[in-house]
Amino acid sequence: MNTQKRIINFEILRTISMLFIVIWHCFIHGINFSNYPFTTSNVVDSFNFLVSIILLAISSIAVNCFILISGYFMINRYQINYKRFEKVWLHAFFYTLIIVLFICIKNQSWIDLKLIYHVIRSGTGYWFVDKYLGLLLIAPFISMFINT
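Chemist: Can you break down the packing of aromatic side chains residue by residue, with the values?
Modeler: Within this structure, the stated rule accounts for 8 aromatic pairs. Aromatic pair Tyr72 and Phe73: ring centres 5.2 Å apart, planes at 85°, arrangement edge-to-face. Owing to a relative accessible area of 47%, Tyr72 belongs among the partly exposed residues under this scheme. The partly exposed category is assigned to Phe73, whose relative accessible area is 21%.

Structure, rendered in structure tokens:
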């Protein structure tokens, strides 16, 4: 059973941050801003462009919020939590491997052994997971430094 106390304010911040991550990914991977030039000739296009830029700027703080939440709850831990490290790494690795296999099957191609080898060698392949795992490893040292 999870003994960590849930604080509603942090849960709301975490949920809003998740929404910001989705919005940010939609803007970065879905919208080509070169198709929407900022011109004063069309008020609707200009308004849409400004709203898009404002939403993109606001949603870019989501990763920082996740790191701050993690830091708040890890500040008084002085030992490396290897079980948590292993759990996060295994989840990311498992889903990465499943996604690669799904893409190979969807494209009706042979399973690309080079790609699977790259996934195994690189770990997760996701920058946030890699940075978070690094944070889990150095968190006890940061806690000792801050508390001294």
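The rest of the description comes next.
Chemist: So what's going on with empty space enclosed by the protein? Residues and values would help.
Modeler: For the coordinates displayed, the defined rule picks out 1 cavity of 30 Å³ or more. The computed volume of the largest cavity comes to approximately 70 Å³. Lining the largest cavity are Met74, Arg77, Gln79, Ile80, Asn81, Arg84, Leu136, Ala139 and Pro140. In the lining of the largest cavity, the residues fall into 5 nonpolar, 2 polar and 2 charged.

Chemist: Explain the pattern of salt bridges to me, and be specific about the residues and the numbers.
Modeler: Enumeration according to the criterion identifies 1 salt bridge in this entry. Notably, a salt bridge pairs Glu11 with Arg14, separated by 3.3 Å at the nearest N-O pair. Taken together, the residues Glu11 and Arg14, both in helix 1 (residues 8-30) and 3 residues apart, mark about one turn of the helix.

Chemist: Before we move on, could you go through the nonpolar core and cite the residues and values that matter?
Modeler: Listed in full, the 8 residues of the largest apolar core are Met74, Ala92, Val129, Tyr132, Leu133, Leu135, Leu136 and Ala139. At 6 residues, the largest contribution of residues to this core is made by helix 6 (residues 127-147). Leu133 has contacts with Phe85, Val88 and Trp89, leaving out every residue within four places of it along the chain.

Rules used throughout
Residues numbered from 1 in each chain as written. Predicted model: local features only at pLDDT ≥ 70, side-chain atom pairs only at ≥ 80, totals over all residues. Heavy atoms only, no water. Phe/Tyr/Trp six-rings, centres within 6.5 Å; stacked < 30°, edge-to-face > 60°. Buried < 20%, exposed > 50% of the residue type's maximum accessible area, 1.4 Å probe, protein only. 1 Å grid on protein atoms, 1.4 Å probe; cavity = no way out; pocket = protein on both sides within 12 Å on 5 of 7 lines; lining within 4 Å. Points joined across faces, edges and corners; volume = space filled by probe spheres on them. Nonpolar A, V, L, I, M, F, W, Y, C, P; charged D, E, K, R; others polar. Salt bridge = Lys/Arg side-chain N within 4 Å of Asp/Glu carboxyl O. Helix = DSSP H or I, 4+ residues; strand = E, 2+ residues; numbered from the N terminus. Core = buried A, V, L, I, M, F, W, Y, C linked by side-chain atoms within 4.5 Å. Contact = heavy atoms within 4.5 Å.

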